[in-house]
Amino acid sequence: MVALLEARAAGRAGLTPLALQDLLYPGQEEVRAFGALRELVFALRRQFGTGVIERRGTLYTLGDRVASDLEVFLENPQPWLWRGPYLDGLGTDQIPSCATS
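**Q** What am I meant to see in the packing of aromatic side chains here?
**A** Two numbers describe a pair of aromatic rings. These are the distance of the centres and the angle of the planes. One pass over the structure, following the stated rule, counts zero aromatic pairs. One Lys or Arg, Arg-55, reaches over the ring of Tyr-60 and ends 4.4 Å from the middle of that ring.

**Q** I keep staring at helix α2 (residues 17-24) and nothing clicks. Help me out?
**A** Along α2, the residues classified as buried are Pro-17, Leu-20, Gln-21 and Leu-24. Mapping the buried residues of α2 onto a view down its axis gives an arc of 100°, with all of them on the same face. Structural note: α2 exposes Asp-22 and Leu-23 on the side pointing more than 90 degrees away from its buried face. Elements in contact with the buried residues of α2: α1 (2-9), α3 (30-48), β1 (53-56) and β2 (59-62).

**Q** What am I meant to see in the confidence of the model for the protein here?
**A** Detailed reading of the predicted coordinates is not advisable wherever pLDDT falls low. Residue-level pLDDT values for the protein average 82, and 78% of them are 70 or greater. The element-level mean pLDDT for the protein is lowest in helix α4 (residues 69-75), coming to 76, with β2 highest at 96. Contacts from residues 93-101, a stretch scored under 50 in pLDDT, to residues over four places away or in other chains number seven contacts.

**Q** Whenever I open this one, α3 confuses me. Can you help?
**A** Owing to its 3.6 residues per turn, the α-helix brings residues three or four apart onto one side. For α3, which comprises 19 residues, the first-to-last C-alpha distance of 27 Å matches the rise-based estimate of 27 Å (1.5 Å per residue) to within 8%. By the burial criterion, the buried members of α3 are Ala-33, Leu-37, Leu-40, Val-41, Ala-43 and Leu-44. One face of α3 carries all of its buried residues, which in axial projection span an arc of 165°. Facing away from the buried surface of α3 by more than 90 degrees, the exposed residues are Val-31, Arg-32, Arg-38, Glu-39, Phe-42 and Arg-46. Structurally, α3 contributes buried residues whose contacts are with α2, β1 and β2.

Cut-offs and rules
Residues numbered from 1 in each chain as written. Predicted model: local features only at pLDDT ≥ 70, side-chain atom pairs only at ≥ 80, totals over all residues. Heavy atoms only, no water. Phe/Tyr/Trp six-rings, centres within 6.5 Å; stacked < 30°, edge-to-face > 60°. Lys NZ or Arg CZ within 6 Å of the ring centre and 35° of its normal. Buried < 20%, exposed > 50% of the residue type's maximum accessible area, 1.4 Å probe, protein only. Helix = DSSP H or I, 4+ residues; strand = E, 2+ residues; numbered from the N terminus. Arc of directions from axis to C-beta. Contact = heavy atoms within 4.5 Å. pLDDT = per-residue confidence, 0-100. Expected span 1.5 Å × (residues − 1).

In structure tokens form, the structure reads like this:
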């Protein structure tokens, strides 16, 4: 999830379920948003492994083993390596279509 990657890249420990619900499901009632978040986390873990999203206390975090080009770039910024628009239209509340079967 992009929001968890952005949190980690910004040095934050993670995001609360309520913060994720507000980002991913704005305007939905809290109970429905919480259920949708749980389903999303379950689907991502099923597709990419249980370590992709972890819980640390009350926070959701991106798993320690998840690597990203963003973090590699930030560790060694070389502007000519960055290509294309940020996220390139990727929705933060969607699982890639290959995840559904």
